[in-house]
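Structural description and commentary
Chain residues, written in single-letter form:
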Amino acid sequence: MGKLLFFIPAGYFIKTRLNTKASWLFHGYAEYLLGILILMYARIEPLESLKIFILGYLAFISLYEIGYIFNDFISVRFEKDPRKRLEAWQPSNSTIIIWIAIRVAVFVFLSYYLEVLNSPGWWYFYGLLILSFAMHNMLQRKEFKIFTFISLACLRFYAPVFLFLNPFYLTLSLPAILLHYVFFRTITYIDSKGLLNIPGRNSLSFKTAFYLILLPVSALFYLFSEHAFSIWVNLYFLAFWGGLFIAAKLGIIPQLDLKTD
C-alpha cells in the first residue's frame, strides 16, 4: 500500500517529507493555514479560499514532487554524503517515468480546470519554479544551494495563492513572508546541511525568540506601508511557537525539539 501512494500526486511528498507529526504541524500552520488566511485577508470568502487553496496546492505539489523525485534518485548519485529517502527500495526507471507522467497530467488538468492554460503569469511562475528546482538539484556545492533554497521557499509558499491575489496583496504580503517564513526556513536549512551550527535551533525557545525579537522589523514594515500585515504574520507565528513553549514550560505538553527543515 505504501508503494502505491507514490503513484498519487502528493503521495511521495507525504511519504518522504511529511512523515512526522512535527512536519504536519509545521507545514499545516506555516503554509496551509496561513495561505488560506491570506486569501481570506484579501476578502475572498472562507469556503472559496479553502477550495482554491486546495486546487492551487495540488497543482503546485504535482509539479514540485517531480523535483523531489529527481533529487532523491538522480541528484543523490553525485553527492558526497547523500540523504537517501528510500533505503529499502529502489524503483525502476520505468516506474519513475510513470510517477512523473501522472504528475504532469494532473498539473495540466488542474491548469485547465482553473482556466489558466492561456495565462502568461501562470506559466511564468512555474517556469521560475522549474528553473529554481533544476538549479537546486544540479548544484553540487551545498553552500550554493542556500540561494536556490531561498527561491524555492518563496515560490512554494506563493504557488497555491498567487493566482488569486491581486498585485496589492502580493506586494503587501511579500516582506512578511520573506522575513517570517523564507528567512526562518533558510536558517534551519543551512543548519540541517551542516553549513552553520545554530545551537538549539529545533527547540521551542529558539523558535519563540526568533519571532519575538523580529517584532521591531515587522513594526518597521508597518511604518513604511501603513498596513499591519507584517505585524499580523509575526504575531501569528509568535502565538504558535510561544503557545507551545509556554505549554511545555507548564508541563501541559512534553518538551519538544521540532525539526522544521
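The model shown is predicted, which means the values in this text are computed figures rather than measured ones.

What follows is about the overall build of the chain. For the chain, the count of helices and strands is 10 helices and zero strands. Relative to the globule expectation of 18 Å for 261 residues, the C-alpha radius of gyration of the chain, 19 Å, shows essentially globular dimensions. Taking the principal axes of its C-alpha atoms as reference, the chain extends roughly 55 × 45 × 35 Å. Burial analysis of the chain (261 residues in total) assigns 48% to the buried set. Of all intrachain contacts in the chain linking residues separated by at least 6 positions in sequence, the fraction that spans at least 24 positions is 70%. Summing over all exposed atoms, the chain offers an accessible surface of approximately 13700 Å²; the carbon and sulfur share of this is 69%. For the chain, the distance from the average position of its 22 positive side-chain charges to the average position of its 14 negative side-chain charges is 7 Å.

Here we come to empty space enclosed by the protein. Using the criterion set out here, one finds one cavity of 30 Å³ or more in the structure. Size it by volume and the largest cavity reaches roughly 30 Å³. Lining of the largest cavity is provided by E31, F53, Y57, R156, F157 and P160. Mapped by element, the contributors of at least two residues to the lining of the largest cavity are α3 (46-73) and α6 (142-158). Looking at the lining of the largest cavity, its residues break down into four nonpolar, no polar and two charged.

When its volume is computed, the second largest pocket comes out at roughly 240 Å³. As for the second largest pocket, its lining consists of L63, Y64, I66, G67, F70, L129, I130, F133, A134, N137 and M138. Counting residues per element, the ones that place at least two in the lining of the second largest pocket are α3 and α5 (120-138). A total of six residues in the lining of the second largest pocket trace back to one element, the largest contributor, which is α5. Of the residues belonging to the lining of the second largest pocket, the class tally is nine nonpolar, two polar and no charged.

We now examine the packing of aromatic side chains. Counting across every chain of the model gives 43 aromatic pairs. Geometrically, the ring pair formed by Y32 and Y57 is edge-to-face, given 5.1 Å between the ring centres and 75 degrees between the ring planes. Of this pair, Y32 sits in helix α2 (residues 21-41) while Y57 is found in helix α3, placing the two residues 25 residues apart along the sequence. The burial state of Y32 is the same as that of Y57; both residues are buried. Just above the ring of W241 sits the side chain of K207; from NZ or CZ to the centre is 5.4 Å.

Here the focus is the nonpolar core. By size, the foremost hydrophobic cluster in this structure holds 74 residues, and its most contacted members are Y126 and F237. The element contributing the most residues to this core is α3, with 13 residues. For Y126, the contacting residues outside a window of four places in its chain are G56, A59, F60, L63, F107, A159 and F162.

On to the pattern of salt bridges, then. The full count for this structure, using the stated rule, is six salt bridges. For R156, the salt bridge identified is with E31, shortest N-O distance 3.4 Å. Pair noted here: R156 is in helix α6 and E31 is in helix α2, with a separation of 125 residues, a long-range link. When its relative accessible area of 5% is taken as the criterion, R156 is described as buried. One salt-bridge network, in which partners are shared between bridges, spans E31, R156 and R185.

A separate point is a nonpolar patch on the surface. Where nonpolar side chains cluster on the molecular surface, the patch consists of V104, V108, F109, Y112, Y113, L117 and W123 and spans about 690 Å² of accessible area. The biggest single contributor to the nonpolar patch is helix α4 (residues 93-113), with five residues. Counting through the fold element by element, F109 comes out in helix α4.

Another aspect to go through is the packing of α2 against α3. Between α2 and α3, the least distance of the axes is 9 Å, while the angle of their chain directions is 130 degrees. What the angle tells us is that α2 and α3 run oblique. Crossing geometry of α2 relative to α3 is assigned as right-handed. Along its contact with α2, which presents E31, Y32, G35, I36, L39 and M40, the element α3 presents P46, S49, L50, I52, F53 and Y57. Of the residues in the contact of α2 with α3, the class split is nine nonpolar, two polar and one charged.

Definitions and limits used
Residues numbered from 1 in each chain as written. Predicted model: local features only at pLDDT ≥ 70, side-chain atom pairs only at ≥ 80, totals over all residues. Heavy atoms only, no water. Helix = DSSP H or I, 4+ residues; strand = E, 2+ residues; numbered from the N terminus. Rg over C-alpha atoms; globule rule 2.2 N^0.38 Å. Buried < 20%, exposed > 50% of the residue type's maximum accessible area, 1.4 Å probe, protein only. Contact = heavy atoms within 4.5 Å. Areas by Shrake-Rupley, 256 points an atom, 1.4 Å probe, with all protein chains shown as cover. Lys, Arg positive; Asp, Glu negative; His and termini not counted. Charge placed at Lys NZ, Arg CZ, Asp CG, Glu CD. 1 Å grid on protein atoms, 1.4 Å probe; cavity = no way out; pocket = protein on both sides within 12 Å on 5 of 7 lines; lining within 4 Å. Points joined across faces, edges and corners; volume = space filled by probe spheres on them. Nonpolar A, V, L, I, M, F, W, Y, C, P; charged D, E, K, R; others polar. Phe/Tyr/Trp six-rings, centres within 6.5 Å; stacked < 30°, edge-to-face > 60°. Lys NZ or Arg CZ within 6 Å of the ring centre and 35° of its normal. Core = buried A, V, L, I, M, F, W, Y, C linked by side-chain atoms within 4.5 Å. Salt bridge = Lys/Arg side-chain N within 4 Å of Asp/Glu carboxyl O. Patch = residues over 30% accessible without salt bridge, like charges linked within 9 Å, V, L, I, M, F, W, Y side chains within 5 Å. Axes fitted to C-alpha atoms, helices over the stretch in contact; angles between N-to-C directions. Parallel < 35°, antiparallel > 145°, perpendicular 65-115°, else oblique. Left-handed = near helix turned anticlockwise from the far one by under 90°.

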